[in-house]
Amino acid sequence: MVEQSETAVRRLAAIPTAAGLAARLASAELERRNIDPARLLARAGLSAAALDRRDRISVVSQIEFLELAAHEVGDDFFGFSLAEKVDLRELSMLYYVAASSNQLGDALGRLERYVCVGNEALVARIHNGTFCRVGLSYAGVPRHLDRHQMEFFTLVMLRLCRQLVGRKLVPLAASFVHHRSDHLQRVRKLLGCEVEFDAHADGLSFDAASMDLPMVGADPFLHELMLKSCEDAIVVRTATVSPFRTVVENAIAPLLPHAEAQAKAVAKQLGLSERTFARRLAAAGLSFGEILDELRRDLAVRYLEEPKLQISQIAWLLGFRQQSAFTHACRRWTGKSPSEQRRSRDSG
């Protein structure tokens, strides 16, 4: 998780928007399968006309549409499926500013700065050391609501790196904050490395030496033009910093399975003292306990829709030390035990 200063977390911004590439690809895939996307687009607060015009769309709506489309087509790895097939040139100026760079490290540096042009909620951070880690996170969007968009981003990023250097670059490791437990062989095959789910952060790690690999399409003249275009684009994009509640949620989510979701740990992750963290919560009219409880509730509803997840597993994923504590919480949230809630969803 990217650390954020107190100054950063104080600023509020409008709902983050995206260029809508993932949503357009998902809509096209539905049509390819003879499924009218209009109903699902409407449920997510989108429209086919807006996608056709290439209007900027709400990132939250894109996340919801990908989830709905994945369920409709029965593909639990829908984000990966879309990322496998997309023509990377559809990334528009992001593709060309990276492709015209000198070396892979330069290209990733450009993406770190300009990725918000394509998606205002996405934050990329490059950490160089004994290895290079490309960290991905969200600002202004609750991370726990998403699976498919982050998986789409990650595979697109890897495919882009491979295409730019003209070889099958193999990461050292990959990680995702969200939960998965089934059919992970497909993910390992796609990424070419071991993959950790329920991780503390999203990202890819590469051998540090790979950052010196030359771009097959390096072009200093095109690069200068693309830098100007990207700088112009970034000026008109409002800098997106998440509302404080979302900042806290996104810090809590990866801590849950490790039973570390405590105010002290979250404050440290946000780069705040415990006293400053408590003051920021109070100023926003928030309670850490309420945020934690509501986040667990949202995740519980999602996890209970996954029939292969045992109740005991869900309790662990939510950070409950005992299954009975999860059962008690579920009754408080829904009026039903976890098993009863699962049966009611299945019958509905």
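For clarity, every value in this text was computed on a predicted model and none was experimentally measured. (Residues numbered from 1 in each chain as written. Predicted model: local features only at pLDDT ≥ 70, side-chain atom pairs only at ≥ 80, totals over all residues. Heavy atoms only, no water.)

Things to note about the confidence of the model for the chain
As a reminder of what qualifies: By definition, pLDDT measures how confident the predictor is in each residue, and it falls between 0 and 100. Pairs of residues are marked as contacts when any of their non-hydrogen atoms sit within 4.5 Å.
With 93% of its residues at a pLDDT of 70 or more, the chain has an overall mean of 90. This model gives residues 238–242 a pLDDT under 50, and the stretch forms 18 contacts once residues within four places in sequence are excluded.

Notes on unusual backbone geometry
Cut-off, in case you're wondering: Numbering of helices and strands starts at the N terminus; helices are DSSP runs of H or I of at least 4 residues and strands are runs of E of at least 2. The cut-offs for exposure are 20% and 50% of the maximum accessible area for each residue type, with area from a 1.4 Å probe on protein chains only; residues under the lower value are buried, those over the upper are exposed, and the others partly exposed.
Even without being a glycine, Ser 92 presents a positive backbone phi close to 60°. Relative to the helices and strands, Ser 92 is located in the loop between α6 (78–85) and α7 (93–99). Taking the relative accessible area as the measure of exposure, Ser 92 reaches 43% and is therefore partly exposed. Positive phi is not limited to glycine here, since His 183 has a value of about 55°. Within the secondary structure layout, His 183 lies in the loop between β5 (173–175) and α10 (184–191). Judged by its relative accessible area of 52%, His 183 is exposed.

Considering the pattern of salt bridges
Two side chains with opposite charge may pair up if their charged atoms get near one another. Filter applied, for reference: Salt bridge, as used here: a side-chain nitrogen of Lys or Arg that lies within 4 Å of a carboxyl oxygen of Asp or Glu.
Summed over all chains, the structure comprises 21 salt bridges. Glu 29 is paired through a salt bridge with Lys 85; the nearest N and O atoms lie 3.3 Å apart. Taken as a pair, Glu 29 in helix α2 (residues 21–32) and Lys 85 in helix α6 lie far apart in primary sequence, 56 residues in all. The partner of Arg 147 in a salt bridge is Asp 76, with the nearest N and O atoms 3.0 Å apart. Residue Arg 147 is found in the loop between β4 (131–138) and α9 (148–165), and its partner Asp 76 is found in the loop between α5 (59–73) and α6; the two are separated by 71 residues along the sequence.

Section: helix α12 (residues 244–252)
Among the 9 residues that make up α12, 8 are buried, leaving the element largely enclosed by the rest of the structure. Among all positions in α12, only Phe 244, Thr 246, Val 247, Val 248, Glu 249, Asn 250, Ala 251 and Ile 252 are buried.

Regarding the side chain of His 148
What counts, and what does not: Here a polar contact means two N or O atoms within 3.5 Å. Within protein one must be a hydrogen donor candidate and the other an acceptor candidate, and residues neighboring in sequence count only if both atoms are side-chain atoms.
Tracing the chain through its elements places His 148 in helix α9. By relative accessible area, His 148 is classed as buried at 1%. In this structure the side chain of His 148 is engaged in a polar contact, spanning 3.3 Å, whose partner is the side chain of Arg 147. Among all residues touching His 148, those that are not within four sequence positions of it are Leu 66, Glu 67, Ala 70, Asp 75, Asp 76, Phe 77, Phe 78, Gly 79 and Arg 180.

Points about the packing of aromatic side chains
To be explicit about the condition: Two rings from Phe, Tyr or Trp (for Trp, the six-membered ring) form a pair when their centres sit within 6.5 Å of each other. Planes less than 30 degrees apart are called stacked, planes more than 60 degrees apart edge-to-face, and all others tilted. Ring-over charges, as used throughout, are those where CZ of Arg or NZ of Lys falls within 6 Å of the ring centre and within 35 degrees of the ring normal.
Under the counting rule described, the total for this entry stands at 9 aromatic pairs. Every member of this aromatic cluster is reached through a ring pair, and the members are Phe 77, Phe 80, Phe 176 and Phe 197. Here the guanidinium or amino end of Arg 180 rests over the ring plane of Phe 77, the centre of that ring lying 4.2 Å away. Taking the ring centre of Phe 320 as reference, the NZ or CZ of Arg 296 above it sits at 4.1 Å.

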